[in-house]
Amino acid sequence: MTLQAPEQATGFRRFVPGLTSITNGVRHSALADSRAALTVWAVVVPQSLAYATLAGVASVNGLYAAVGALAAYALFGTCRDLNMGAESTVAIMAAAAVAPLVTGPEDVIELTSLAALLVGGWCVLGFVFRLGFISEFLSRPILAGYVFGSGIIIVISQLEALFGLDIDTSLYTTDIGAVVRNLGDADGLTTLVGLSTVVLVLGLRRFVPKIPAPLVAVVLGILAVVVFDLDQEGVAIVGEIDSGVPVPGVPNVTFDQFTQLLLPALGIALLAYPDSFLTARSLASTGGYDLDADQEFLAVGTANVASGFLQGIPVNGSQSRSFVQQDSGGRSNLVGLICSVLVLLTLLFLTGLFENLPNAVLAGIVIVAGLGLFALDDFKALWRIRRSEFWLGAATVASVLLLGMLGGIAFAIGLSLIVALYRVVRPHTAELGLVEGTDTFRDVERNPDAHPIPGLMIYRIDDELFFANAAFFVRDVRQRLIESDPPATALVIDAEGVSDIDTTAVQQLRELVEDLGAAQVAVTFARVRGPVSDMFERAGIMDLVGEDAIYLEVDDAVEHYLAGTSATEPRPSERISDDDEEDQP
């Protein structure tokens, strides 16, 4: 196998890479792509209807979003398998962002469409400023915790529709509490329809995964209403759906509503892009092709802009539908374009069929999607690999539940940055010892066969030295010398892990060397990198310790110490003391 650089498009096609993929699809894989599009359409329609209600708008707006998002991503996206459209986590974030700004029923769709436009705008700015690297900023614990917390919120949000309840949740402390206290008023037939949907979808996914379970549930739900007149027995249905092509337009909102939605839209964009890109990266890895992280910003942005102009909701890449699309044998971006056309035909000719769809069926479909977000394996892996990151994920779950979707992810990102800062300020350090029978030096705390050399402290720091961790480094070195037994009269600093050093750290290192020299502790260095050595030279540390105190390897410095040829002859009776440490500024 020969590694080759991916072919780079030029001119207009550089910004619309999907055109090349669509052209290749028309020429070479039209039949396979059409079959894949038909399979995906069977999932897109019911999920779009369901997730629109999750966003707090009419179900038909989910189809509007699908038309625009699928077509836009097909043109601008670099992942041939990613299915763009309404998705549970982003839908519920949109509802949370819009809710405080609503002054009347007519405001909901206007503000939700505006949210889609603003999310798209933020993503386009990400493309302009080449911010594709931001996809790496959401750590695994944050994503795992956010998704898990979102699943809980999604399930709870659908319980009212599942049981046929009509509750004023503002009168209760929590939504789940409102449902539990009113379960006695649940409609039995509605509950039966909703729970049957959950069981049916889970069963089909488990035993017949190739059948589009949501579509089957939708069809059976509609047939049940038509045949048994369930709507006359108290089962709520979707009702009238406006048919026809969505009319493009700009949302009618006030300037104050626009400005207040800017930051929440940024929060949605910060989830929609990384979530979409992570899914795309997984698909591309399986399919053996490359992605452009910056171009994906433009693709997600244009998909949201198209959805917003068509009275849709904020969108992102759907993990479940994308893997259905890949498994269906799609080979190009033509799949997304065909699927967009199929949804448009649904709007023109098939909306009447969906008017008899029970709300409890949509609730059941959404609940199954929410249950699918309970990724316990991720938390098991975090617990096994690093407990601190498990607790970070658990804190994210709690923050999402207590603060809501937007507040939760903001809190989690802030907590993640604090943890990262803590690790930077307190980097890993070790005292090294000689491994028996070798010339290798290892961490004495982790390797029982590694033994310290009496009178010599070999110290290693595994990070760059700069203003944030320089004081910790100095304190740690001094404390280890104080606790050394027998007292260390020489110090070797293994600097292999120090990739850089700033002026603050250089100054503190120089002061440390001077203080240790006054305490008759000789300081030498080993495995110093070129840029760090240059800083030593400019800061005068070379003059202080002497060029012969810089060694290529740790064992060279140790041999020099054992041979008694160090530049300073230390007096074994003297050592750095606690009093010396207290005298330091």
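Look above for the structure.
The shown structure was predicted, so the numbers you read here are calculated from the model rather than taken from an experiment. (Residues numbered from 1 in each chain as written. Predicted model: local features only at pLDDT ≥ 70, side-chain atom pairs only at ≥ 80, totals over all residues. Heavy atoms only, no water.)

### What about the overall build of the protein chain?
Each helix and strand in the protein chain was counted, giving 23 helices and 9 strands. Compactness check: the protein chain gives a C-alpha radius of gyration of 31 Å against a globular reference of 25 Å for 585 residues, more than 25% above the reference. If you line up the protein chain on its principal axes, its C-alpha atoms span 100 × 60 × 50 Å. Sorting the 585 residues of the protein chain into buried and exposed places 49% on the buried side. (Helix = DSSP H or I, 4+ residues; strand = E, 2+ residues; numbered from the N terminus. Rg over C-alpha atoms; globule rule 2.2 N^0.38 Å. Buried < 20%, exposed > 50% of the residue type's maximum accessible area, 1.4 Å probe, protein only.)

### A few points about the environment of E355
Here E355 lies in the loop between α14 (351-354) and α15 (359-371). Measuring from C-alpha to C-alpha, the distance between E355 and I365 comes to 17 Å, with 10 residues separating the pair along the chain. Apart from the residues lying within four places of it in its own chain, the contact partners of E355 are I237, V238, G239, E240 and I241. (Contact = heavy atoms within 4.5 Å.)

### Considerations on the packing of aromatic side chains
Applying the stated rule across the entire model yields 13 aromatic pairs. Geometrically, the ring pair formed by F148 and F379 is edge-to-face, given 5.5 Å between the ring centres and 75 degrees between the ring planes. With F148 in helix α6 (residues 140-162) and F379 in helix α16 (residues 376-385), this pair connects stretches of sequence that are 231 residues apart. Aromatic pair Y273 and F297: ring centres 3.7 Å apart, planes at 5 degrees, arrangement stacked. Linking Y273 in helix α10 (residues 255-287) with F297 in helix α11 (residues 293-309), this pair joins segments that are 24 residues apart in sequence. Since its relative accessible area comes to 1%, Y273 is described here as buried. An aromatic cluster of three or more residues is present, and its members are F148, F374, F379, W383, F390 and W391. A cation sits over an aromatic face here: R206 above F207, 5.2 Å from the ring centre. (Phe/Tyr/Trp six-rings, centres within 6.5 Å; stacked < 30°, edge-to-face > 60°. Lys NZ or Arg CZ within 6 Å of the ring centre and 35° of its normal.)

### Side note on the environment of I338
Among the structural elements, I338 can be located in helix α13 (residues 334-349). Along the sequence, I338 and S88 sit 250 residues apart, while their C-alpha atoms lie 23 Å from each other. With sequence-adjacent residues up to four places away left out, I338 is seen in contact with D33, S34 and A37.

### As for the pattern of salt bridges
Under the definition given, this model contains 10 salt bridges. Of the charged contacts, one joins R321 and E87 as a salt bridge, the two residues approaching to 3.8 Å between their closest N and O atoms. With R321 in helix α12 (residues 319-327) and E87 in the loop between β1 (83-85) and α4 (88-98), this residue pair connects regions lying 234 residues apart in the sequence. Of the two residues, R321 and E87, neither departs from the other in class, the shared state being buried. Here R527 and E496 are joined by a salt bridge, their closest N and O atoms 3.3 Å apart. Residue R527 is located in the loop between β8 (522-526) and α20 (530-539), and its partner E496 is located in the loop between β7 (490-494) and α19 (503-518); the two are separated by 31 residues in the primary sequence. Residue R527 is classed as partly exposed on the basis of its relative accessible area of 26%. Look at the salt bridges and you will find they share partners, linking R386, E389 and R423 into a network. (Salt bridge = Lys/Arg side-chain N within 4 Å of Asp/Glu carboxyl O.)

### What about unusual backbone geometry?
Negative phi characterises most residues that are not glycine, and trans characterises most peptide bonds. P486 follows D485 through a cis peptide bond whose omega is 0 degrees. Turning to its location among the elements, P486 is positioned in the loop between α18 (470-483) and β7. Backbone geometry at Q520 places phi at a positive 65 degrees, although glycine is not the residue there. Mapped onto the fold, Q520 is located in the loop between α19 and β8.

### Examining the pairing of strand β3 (residues 429-435)
Among the 7 residues that make up β3, 6 are buried, leaving the element largely enclosed by the rest of the structure. Of the pairings in the sheet, the one linking β3 to strand β6 (residues 456-461) comprises 4 bridges and is antiparallel in character. Of the residues in β6, the one forming a bridge with L432 is I458. Where β3 and strand β5 (residues 450-451) come together, 2 bridges link them in antiparallel fashion. (Pairing = 2+ DSSP bridges.)

### Some thoughts on a nonpolar patch on the surface
A surface patch of nonpolar side chains, about 570 Å² in accessible area, is lined by V219, L220, L223, V226, V227 and F228. Relative to the helices and strands, L220 is located in helix α9 (residues 213-228). (Patch = residues over 30% accessible without salt bridge, like charges linked within 9 Å, V, L, I, M, F, W, Y side chains within 5 Å. Areas by Shrake-Rupley, 256 points an atom, 1.4 Å probe, with all protein chains shown as cover.)

### Some words on the nonpolar core
Counting residues in hydrophobic clusters, the biggest one holds 106 residues, and the most contacted among them are M84 and V343. Considering every element that reaches this core, the biggest residue donor is helix α2 (residues 30-54), with 12 residues. The residues contacting V343, other than those within four sequence positions of it, are W41, V44, L63, A66, V67 and L70. Within the second largest apolar cluster, 32 residues are counted, among which are I461, A505, L509 and V528. (Core = buried A, V, L, I, M, F, W, Y, C linked by side-chain atoms within 4.5 Å.)

### Some points on the packing of helix α5 (residues 107-128) against α11
Viewed as axis vectors pointing N to C, α5 and α11 meet at an angle of 160 degrees, and their least axial separation amounts to 7 Å. The orientation of α5 relative to α11 falls into the category roughly antiparallel. The element α5 and its partner α11 pack so that their crossing is left-handed. Side by side, α5 and α11 meet where S113, A116, L117, V119, G120, G121, C123, V124, G126 and F127 of the first sit next to D294, Q295, F297, L298, V300, G301, N304, V305, S307, G308 and F309 of the second. Considering only residue class, the contact of α5 with α11 consists of 11 nonpolar, 9 polar and 1 charged. (Axes fitted to C-alpha atoms, helices over the stretch in contact; angles between N-to-C directions. Parallel < 35°, antiparallel > 145°, perpendicular 65-115°, else oblique. Left-handed = near helix turned anticlockwise from the far one by under 90°. Nonpolar A, V, L, I, M, F, W, Y, C, P; charged D, E, K, R; others polar.)

### Brief notes about α13
Owing to its 3.6 residues per turn, the α-helix brings residues three or four apart onto one side. End to end, α13 covers 23 Å across 16 residues, agreeing with the expected 22 Å (1.5 Å per residue, within 8%). For α13, the set of buried residues is L334, V335, G336, C339, S340, V343, T346 and L347. If you follow the buried residues of α13, they end up packed against α1 (18-28), α2, α3 (60-76), α12 and α14. (Expected span 1.5 Å × (residues − 1).)

### Here we look at the packing of α6 against α16
Angle between the axes and distance between the axes are the two parameters that describe a pair of packed helices. Orientation of α6 relative to α16, taken along the N-to-C sense of each, is 145 degrees, at an axis distance of 10 Å. As α6 runs across α16, the sense of the crossing is left-handed. Each of R140, P141, A144, G145 and F148 in α6 lies in contact with α16, whose residues at this interface are L376, D378, F379, A381, L382 and I385. When grouped by side-chain class, the residues that make up the contact of α6 with α16 number 8 nonpolar, 1 polar and 2 charged.

### Concerning a negative patch on the surface
A cluster of acidic side chains, namely D534, E537, D543, E547 and D548, defines a negative patch on the protein surface. By secondary structure assignment, the location of D543 is in helix α21 (residues 541-545). (Lys, Arg positive; Asp, Glu negative; His and termini not counted. Charge placed at Lys NZ, Arg CZ, Asp CG, Glu CD.)

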